[in-house]
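A look at the structure
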Amino acid sequence: MTDIPPGMRAARAAQMRAARAAHAVGARHPLTRLLLAAAAMAAAAAWEAGHRVTDLHLIRRRHHHRQQQQLTRKDTT
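A short tour of the structure in this document, coming up. Keep in mind that what you see is a predicted model, and the values were worked out from it rather than measured. (Residues numbered from 1 in each chain as written. Predicted model: local features only at pLDDT ≥ 70, side-chain atom pairs only at ≥ 80, totals over all residues. Heavy atoms only, no water.)

A word on the overall build of the protein chain
To be explicit about the condition: Strands are runs of DSSP state E lasting at least 2 residues, helices are runs of H or I lasting at least 4, and numbering of each runs from the N terminus. By the convention used here, residues are in contact when the closest approach between their heavy atoms is within 4.5 Å. Reported accessibility uses the Shrake-Rupley method at a 1.4 Å probe radius. Residues are deemed covered only where the shown protein chains occlude them.
The secondary structure content of the protein chain amounts to 3 helices and 0 strands. Reading the helices (α) and strands (β) of the protein chain from amino to carboxyl end gives α-α-α. Contacts in the protein chain between residues at least 24 apart in sequence constitute 50% of all its contacts with a sequence separation of at least 6. Within the structure as shown, the protein chain displays about 6,400 Å² of accessible surface, and the carbon and sulfur contribution to it stands at 61%.

Okay, here's the thing in structure tokens:
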């Protein structure tokens, strides 16, 4: 987890706080909504800084790459 850029770490932490609040007090509670807005702003800031969600999810990225290779093989045969 140490190689996650600070902007992404902040966005992830904000999202976790919002999820915990939603679980504790419900999705419609003002605190949850405030935390969700903060999480969205942190995610937008990370995106603008050039950090993509897929950078955290290497397994999906590898899976997508493998699918693309399989499709390319089908096209050439």
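What follows continues from the structure just given.
So, helix α2 (residues 30–48)
Stated precisely, the cut-off is as follows: The span one expects for a helix is its residue count, reduced by one, times 1.5 Å. Note on exposure labels: buried denotes an accessible area under 20% of the residue type's maximum, exposed denotes more than 50%, and partly exposed covers the range between, all computed with a 1.4 Å probe on protein chains only. For this quantity, the arc is that covered by the directions from the helix axis to the C-beta atoms.
Taking 1.5 Å per residue, 19 residues should reach 27 Å; α2 reaches 27 Å between its end C-alpha atoms and fits that length. Of all the residues in α2, the buried ones are T32, A39, A42 and A46. Each buried residue of α2 sits inside an arc of 85° when the element is viewed along its axis, so together they form one side. Relative to its buried face, α2 has exposed residues pointing more than 90 degrees away, namely P30, L34, M41 and E48.

A look at the environment of I4
Considering the arrangement of structural elements, one finds I4 in the segment before α1 (6–25). Given the relative accessible area of 10%, I4 is considered buried. Along the chain, I4 and H51 lie 47 residues apart, while their C-alpha atoms are 9.7 Å from each other.

Side note on α1
In a regular helix each residue adds 1.5 Å, so 20 residues correspond to 28 Å; α1 covers 28 Å between its end C-alpha atoms and thus fits that length. By the burial criterion, the buried members of α1 are M8, A11, A14, A18 and A21. On an axial view of α1, the arc spanned by its buried residues comes to 150°, and they lie on one face. Facing away from the buried side of α1 by more than 90 degrees, the exposed set consists of P6, R20, H23 and A24. Where α1 is buried, its residues meet α2. Phi for G26, located one or two positions after α1, is positive at around 100°.

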